[in-house]
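The chain contents come next:
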Amino acid sequence: MSAPGVQSFTQQGWDQVLTKVKRALVYLDAACAESLHWGCGSTRLLEAVGGPACHLREFEPAAVGGGAKQPKAVFVLSSLLKGRTVEILRNIICRSHFQYCVVVTAVNHAVHLTANHVSAAAAAELEGQQPVFEQLEEKLCEWMGNMNYTAEVLHIPLLLAPAAPHLALTPAFASLFPLLPQDVHLLNSARLDKRKLGSLGEVDASVLPPELLLQIRCLVSGLSSLCEHLGVREECFAVGPFSRIIAADLANYAPAKNRRKTSAGRASVVFVDRTLDLAGAVGHHGDNLVEKIISVLPQLPGHTNDVMVNMVELTSLQNEEENQNMVAPGCLAQSNDAAARALWEALLNTKHKEAVMEVRRHLVEAASRENLPIKMSMGRVTPGQLMSYIQLFKNNRKALANHCGLLQLGLATVQTLKHPQTAKWDNFLAFERLLLQSIGASTMSGVLHQLLPLIKPSDQRTSDDYSPEELLILLTYIYSVTGEPAEDKALAAAEGKVKRALAQVFCEESKLSPLLQKVTAYCALAYLTPISPEDISSVSESTPVEELRKEKNYLSKLEKSQAGALPLCMFNP
């Protein structure tokens, strides 16, 4: 048996789930689907379900219920069994014909007690009991329409999506973000008769909203389960005010205190606020191929950490835009392919040049094993050369099936190298280096004046110019590396010019990207009517775009949400 680690932790959790799913309808939420995706793959789940017909469904309000010939359902959920989650659960069961329901939650029962306002003293007296789960089991039978039907509610810590042996992601907490200085004002607004907070450094768990506290406790519950699997007694360290709150909650978490008494090993856990290093997240200094793949390829729907790889090149279809949606996309996660997994780990740990050479080596070795007519070429690795190797597998179904995972990573590499955004990478890097050189010799207002000519509306931009999203990335980088600038009139004037220029660019976009929709608070806006420069110049610097559009009575179309199938099954020849 392999040594305990993040991969074995996730595998152990899914092994427990798979024992429950035989001939069942399986409903998963997005976070658990992503954990499955990286941990053991949907193939193992499909095999465990068995039967001539198998249905994997997304856990959502519009999910289709079970028919008369589908008496069993398994719900695998990353969230607390409370509120909206229970409401969706009830609605699905009530419109189905289930006689046996299993609900798996990634959140410990102790956290459910906290969510139901059970005091720490009362929770200690309930050790070994699970009244919240037992009450839900009764409700499940009631919703199924017969108290003699079977219902199970159990906790399995499906916290992680293991991207590599030493790298794990937490998709259920993708939206958990450190507090910002502006949040202090919001916290103070809820403290009407109490001492006002002066800064983030004064924030502790007692002043946080209950919903945020529960989200932190859910994370702490999962981390404690991981430490239990590893057999370690953790020592927590924190960098940043929000991380300090999480570290303190883990240190004081009652189940963790009991666990530490018997743990043999020791481990250090370091929590870091992402906001303390935004330059690392938005900068282009990293010479890593995976970073570029994730940056330029489209995101896999429903996932936070994987991308879509266009697989049309391995079919007889023409590689045109209308054909791309006819073939299921490939992806980066290859949990059941040892060779592809080895290449993926190599890509994570090597520089760009070595990574591309590693892709070529794996493709050449795979083609040689399949006796494909490969023509060796030395020297610099090009996208065309890699594609010529990949095309060798196209008409050989057996070879295609044997090396499907490797080919997905190979195509991801080719599509990244050929992507227009990759060519811009060096432009970003050059600007960032110039910025770092000028910070000491120039004021912040001077830096913003350097950025101003780069802000161009859509009708003036070329492929080499920065898009609105890229301008926001550059601004984030600028303010992250310079720190909090001292306020002066020159800086205020420069910031005002940048704001007006950005407002004009946003308003002249024919369609806002999802990111810009969030920034401008227009998440449902599909199309925008251009606003003239005169309109922009008449607006004060503090007027948000949303208010401007209300004043001008602009009409908008609302995008209708499309309930798509859960993207579990990747490209399969």
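Structure: see above.
Below, the structure is looked at part by part. (Residues numbered from 1 in each chain as written. Predicted model: local features only at pLDDT ≥ 70, side-chain atom pairs only at ≥ 80, totals over all residues. Heavy atoms only, no water.)

**Points about the nonpolar core**
Next, step 1: Of all hydrophobic cores here, the largest spans 42 residues; its most connected members are Leu-332, Leu-363, Ile-390 and Phe-393.
Next, step 2: Put simply, the parts of the chain that give this core at least two residues each are β6 (161–164), α13 (289–296), α14 (338–349), α15 (352–369), α16 (383–391), α17 (397–402) and α18 (404–418).
Next, step 3: In terms of residue count, the dominant contributor to this core is α15 (seven residues).
Next, step 4: If you look at the next biggest cluster of nonpolar residues, it comprises 34 residues, including Val-111, Leu-223, Leu-250 and Tyr-253. (Core = buried A, V, L, I, M, F, W, Y, C linked by side-chain atoms within 4.5 Å. Buried < 20%, exposed > 50% of the residue type's maximum accessible area, 1.4 Å probe, protein only. Helix = DSSP H or I, 4+ residues; strand = E, 2+ residues; numbered from the N terminus.)

**Quick look at unusual backbone geometry**
Next, step 1: The backbone of His-117 shows a phi angle near 65°, a positive value even though the residue is not glycine.
Next, step 2: The residue His-117 is located in the loop between α5 (109–115) and α6 (120–125) in this model.
Next, step 3: For His-117, a relative accessible area of 74% puts it in the exposed group.
Next, step 4: Positive phi values are uncommon outside glycine, yet Asn-371 reaches one of about 55°.
Next, step 5: Examined against the element boundaries, Asn-371 turns out to sit in the loop between α15 and α16.
Next, step 6: Residue Asn-371 is classed as exposed on the basis of its relative accessible area, which comes to 69%.

**Notes on the layout of surface pockets**
Next, step 1: By volume, the second largest pocket amounts to about 1,100 Å³.
Next, step 2: Considering the residues around the second largest pocket, the lining is formed by 35 residues, among which Asn-108, Ala-110, Tyr-253, Ala-254 and Pro-255 are closest to the centre.
Next, step 3: Of the residues forming the lining of the second largest pocket, the biggest block, six residues, is contributed by helix α9 (residues 210–230).
Next, step 4: Within the lining of the second largest pocket, the residues separate by chemical class into 13 nonpolar, 17 polar and five charged. (1 Å grid on protein atoms, 1.4 Å probe; cavity = no way out; pocket = protein on both sides within 12 Å on 5 of 7 lines; lining within 4 Å. Points joined across faces, edges and corners; volume = space filled by probe spheres on them. Nonpolar A, V, L, I, M, F, W, Y, C, P; charged D, E, K, R; others polar.)

**Regarding the sheet that holds strand β5 (residues 150–155)**
Next, step 1: One open sheet holds the five strands; their spatial order is β2-β1-β3-β4-β5, and the pairing between them is parallel. Looking at the sheet topology across the chains shown, the edges are occupied by β2 (56–58) and β5. Averaged over all neighbouring strand pairs, the angle between strand axes comes to 15°, with direction disregarded.
Next, step 2: Of the strand pairs in this sheet, strand β3 (residues 72–77) and strand β4 (residues 100–105) are connected by six bridges, and their pairing is parallel. Paired with Phe-75 across the bridge in β4 is Val-103. (Pairing = 2+ DSSP bridges. Axes fitted to C-alpha atoms, helices over the stretch in contact; angles between N-to-C directions.)

**Structural notes on the state of the cysteines**
Next, step 1: Taken as a whole, this structure holds zero disulfides when the rule is applied.
Next, step 2: With no disulfide of its own, Cys-227 lies 7.4 Å from the sulfur of Cys-236, the closest cysteine sulfur.
Next, step 3: Judged by relative accessible area, which is 7%, Cys-227 ranks as buried.
Next, step 4: Cys-404 takes part in no disulfide bond, and the closest cysteine sulfur to it belongs to Cys-331, at a distance of 8.8 Å. (Disulfide = S-S within 2.5 Å.)

**Let's talk about empty space enclosed by the protein**
Next, step 1: Counted by the stated rule, this structure contains one cavity of 30 Å³ or more.
Next, step 2: Each pocket or cavity is described by its volume, and for the largest cavity that value is around 70 Å³.
Next, step 3: Looking at the largest cavity, the residues that line it are Ser-78, Ala-106, Val-107, Leu-158, Leu-159, Ala-172, Phe-173, Cys-218 and Gly-222.
Next, step 4: By residue class, the composition of the lining of the largest cavity is seven nonpolar, two polar and no charged.

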